[in-house]
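Survey of secondary and tertiary structure
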Amino acid sequence: MTALAILVVLGPLAGPAAAIADARARLAGLAQAGGAAMALGCALALLTMLDGRAPLAGWDGFLYVDSLGGFFLMTVAAVTLLAALGSVGYVAAQEDSGELSGFQVRLYFTFFGLFASLMLAALETGNLGLLFVLIEASTLASAALVGLEGRARSLEAAWKYVIISSLGVTIALAGTLFLFYSGSALHLGSNLGLTWPYLLMHAHALAPQSLRLAFLLAVVGYGTKVGLAPMHTWLPDAHAEAPSPASAMLSAALLNTGMYAIIRFLAIAHARLGSTYPRAVLLSFGFASIVIGALFMVRKGNFKRLFAYSSVEHMGIIAVALGFGGVLGLYGALLQTLNHALAKAVLFLSSGDVSLRYRTREANQVTGLLAAVPVTGGALLLASFAALGSPPFGLFLSELTIVRAGFAYGSPVFPLLLLALLGLAFVAFARTTAGMVTGSPPAQLASPYRGRAAVAVTAAPLVLGLAALLVLGLWIPAGLDAVLRHSVGVIG
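Residues numbered from 1 in each chain as written. Predicted model: local features only at pLDDT ≥ 70, side-chain atom pairs only at ≥ 80, totals over all residues. Heavy atoms only, no water.

**Concerning the overall build of the protein**
Along its length, the protein carries 20 helices and two strands. Relative to its length of 492 residues, the protein is compact, with a C-alpha radius of gyration of 21 Å against a globular reference of 23 Å. When burial is assessed residue by residue, the protein has 62% of its 492 residues classed as buried. In the protein, once contacts between residues fewer than 6 apart in sequence are set aside, the share between residues at least 24 apart is 82%. In the form shown here, the protein has an accessible surface area of approximately 16800 Å², with 69% of it arising from carbon and sulfur atoms. (Helix = DSSP H or I, 4+ residues; strand = E, 2+ residues; numbered from the N terminus. Rg over C-alpha atoms; globule rule 2.2 N^0.38 Å. Buried < 20%, exposed > 50% of the residue type's maximum accessible area, 1.4 Å probe, protein only. Contact = heavy atoms within 4.5 Å. Areas by Shrake-Rupley, 256 points an atom, 1.4 Å probe, with all protein chains shown as cover.)

**As for the pattern of salt bridges**
Under the defined criterion, the tally for this structure stands at 14 salt bridges. Among the salt bridges present, the one from D96 reaches R24, with a minimum N-O distance of 3.8 Å. One end of the pair, D96, is in helix α4 (residues 67–97); the other, R24, is in the loop between α2 (14–20) and α3 (25–50), and 72 residues separate them in sequence. Salt bridges here are not isolated pairs; linked through shared partners, they connect R24, R26, E95, D96 and R450. (Salt bridge = Lys/Arg side-chain N within 4 Å of Asp/Glu carboxyl O.)

**Observations regarding the packing of helix α13 (residues 303–324) against helix α17 (residues 394–409)**
Interhelical geometry of α13 versus α17 gives an angle of 40 degrees and a closest axis separation of 9 Å. Judged on the interaxial angle alone, α17 and α13 are oblique. The element α13 and its partner α17 pack so that their crossing is left-handed. Where α13 approaches α17, its residues H314, I317, A321 and F324 are matched on the opposing element by L395, E399, I402, A405, G406 and Y409. Taken together, the residues of the contact of α13 with α17 break down into seven nonpolar, two polar and one charged. (Axes fitted to C-alpha atoms, helices over the stretch in contact; angles between N-to-C directions. Parallel < 35°, antiparallel > 145°, perpendicular 65-115°, else oblique. Left-handed = near helix turned anticlockwise from the far one by under 90°. Nonpolar A, V, L, I, M, F, W, Y, C, P; charged D, E, K, R; others polar.)

**Some details on the environment of R106**
Checked against the element boundaries, R106 lands in helix α5 (residues 102–122). When near neighbours in sequence (up to four residues on either side) are disregarded, R106 contacts A19 and D22.

**Remarks on empty space enclosed by the protein**
Considering all chains together, one arrives at three cavities of 30 Å³ or more under this definition. Reported here for the largest cavity is a volume of approximately 60 Å³. Considering the residues around the largest cavity, the lining is formed by G86, Y90, S244, P245, L349, G352, D353, Y449, T458 and P461. Breaking the lining of the largest cavity down by element, the ones donating at least two residues are α4, α11 (244–273), α14 (326–358) and α19 (452–474). If one sorts the elements of the lining of the largest cavity by residue count, α14 sits on top with three residues. Partitioning the lining of the largest cavity into residue classes produces five nonpolar, four polar and one charged. Taken as a whole, the second largest cavity holds about 40 Å³ of empty space. For the second largest cavity, the full set of lining residues is E313, A387, L388, G389, E399, L422, A425 and F426. A total of three residues in the lining of the second largest cavity trace back to one element, the largest contributor, which is helix α18 (residues 413–437). (1 Å grid on protein atoms, 1.4 Å probe; cavity = no way out; pocket = protein on both sides within 12 Å on 5 of 7 lines; lining within 4 Å. Points joined across faces, edges and corners; volume = space filled by probe spheres on them.)

**Comments concerning helix α12 (residues 276–296)**
Along its 21 residues, α12 runs 30 Å from first to last C-alpha, staying within 8% of the 30 Å computed at 1.5 Å per residue. If you check which residues of α12 are buried, you get P278, V281, L282, L283, F285, G286, F287, S289, I290, G293 and A294. (Expected span 1.5 Å × (residues − 1).)

**Considerations on the side chain of S350**
With respect to the secondary-structure elements, S350 resides in helix α14. For S350, a relative accessible area of 0% translates into the label buried. Side-chain polar atoms of S350 contact the backbone oxygen of V346, separated by 2.8 Å. Among all residues touching S350, those that are not within four sequence positions of it are T376, A379, L380 and L462. (Polar contact = N/O pair within 3.5 Å; in protein donor to acceptor, adjacent residues only side chain to side chain.)

**Overview of the packing of aromatic side chains**
All told, the structure shown has 16 aromatic pairs when counted by the stated rule. Members of the aromatic cluster, joined through ring pairs, are F287, F324, Y409 and F414. (Phe/Tyr/Trp six-rings, centres within 6.5 Å; stacked < 30°, edge-to-face > 60°.)

**Things to note about the side chain of T401**
Inspection of the secondary structure assignment puts T401 in helix α17. Overall, the relative accessible area of 8% leaves T401 in the buried class.

**Quick notes on unusual backbone geometry**
Residue P230 is bonded to the preceding A229 through a cis peptide linkage, with omega at 5 degrees. By secondary structure assignment, the location of P230 is in the loop between α9 (208–226) and α10 (234–241). The peptide bond linking P391 to P392 adopts the cis configuration, its omega dihedral lying at 10 degrees. Along the chain, the position of P392 falls in the loop between α16 (374–387) and α17. Phi at W59 takes a positive value of approximately 55 degrees, unusual for a residue other than glycine. Counting through the fold element by element, W59 comes out in the loop between β1 (56–58) and β2 (63–65). Here R359, not a glycine, exhibits a phi torsion of approximately 60 degrees, which is positive. Its location among the elements puts R359 in the loop between α14 and α15 (369–372).

**Things to note about the packing of α4 against α11**
Put simply, α4 and α11 touch, their axes get as near as 8 Å, and they point 170 degrees apart. The orientation of α4 with respect to α11, classified from their angle, is roughly antiparallel. Where α4 abuts α11, its residues L68, G69, F72, T75, V76, V79, T80, A83, G86, S87 and Y90 lie against S244, P245, A248, M249, A252, A253, N256, T257, Y260, I263 and R264. Partitioned by chemical class, the residues of the contact of α4 with α11 number 13 nonpolar, eight polar and one charged.

**Digging into a nonpolar patch on the surface**
On the surface, a cluster of nonpolar side chains totalling about 540 Å² of accessible area is made up of I6, L7, L10, M38, W59 and F62. Considering each element in turn, the nonpolar patch owes the most residues, three residues, to helix α1 (residues 2–10). Given the relative accessible area of 54%, W59 is considered exposed. (Patch = residues over 30% accessible without salt bridge, like charges linked within 9 Å, V, L, I, M, F, W, Y side chains within 5 Å.)

Okay, structure coming up:
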């Protein structure tokens, strides 16, 4: 199993290897997609081998993969594959048009692969110190993608992203140190004192005051990476200015990696402090994020910013689900994580095709997508309804599970408030995307791609993502259900 874990991390480095060998965009993109497919295959094999068995552990706790880590590995690897496939046509079209130089293309695939590899490595460690290092390193790698196009706005967004995210992760480091301090009475070695399985096992001996502060700082710090309000301000700019496949990685992979870190702290806090304090923290940040995301979606503008604020809202929903707790709440949170990742990957990859064809990212300048580009227009429309929790897609099932968890929580106030905010988000989001796909298209709309193969590769991740969302809305495979239940047991 250790070999599989290593291959998961090494797979995405195929893209950087091709870029260093001076491959053009198409070849480097195909290498990146091949490496991502290998990573996903190994992640699925590892997850299958973990079913009902002890977690994979080694290297003095630096390597640790259980059902929860395997679930997030599968999710991030799947998003990486979709984004890598989307990169083939998108980056090649920009290279052909001269928007990206050969050097920028090499930079893109180098940092794309590093970004994916660092996130996957972060999901395979049981050491909270190494988790911090890897997440911070992924920030630096993804910042290069945000500012890749070299425009004033993209450079400003990249700088803002680095400053705010680094500040957030520094706060998370303080939380990690307070957690280490809370376990000082255990007299563990320095490495074991930062290894979360050991801390969870000895949670009864942790100092509660230090642990409360550690959990709050972790939620604030890693919540900055997740995009929880009010630490979300980097997210709309970065998502709007990055190349669209990179935006898909930011929204559907990076945010989940940050949420994974919060969940690890939640498990320890819940075991020692009970549910009251962690629940209050998560519900506060979660509902604040849903409110901010829904309100900012009312305004029409850059459609990638719209999708970014939708991510803020969905991360808030996941935080609320974790706050509701119980089997239903935790199960719904994990299912929402997977479904949101797939839906947002499809939305951002669709937006890339739209921006290339219409030469704009402003929603009010895009009309007639269904008539002009049926595949992209249809994918954008369906993914929009999926992201809004409409049946028969997976997000309807996960959000229904979360609402049920809210009513099981006790007071009906929180689930009713959640339903009201979801209704507001539905109206705001659908109003913009419906205007983009309906109406008459421009008279002249040239294809940015060369050859039918490029068009097919561009459409492939959209079809795959939507198919997965549809399947998850109608049927949860027994293997996935087992993984989700085991992961809920890990969280507590």
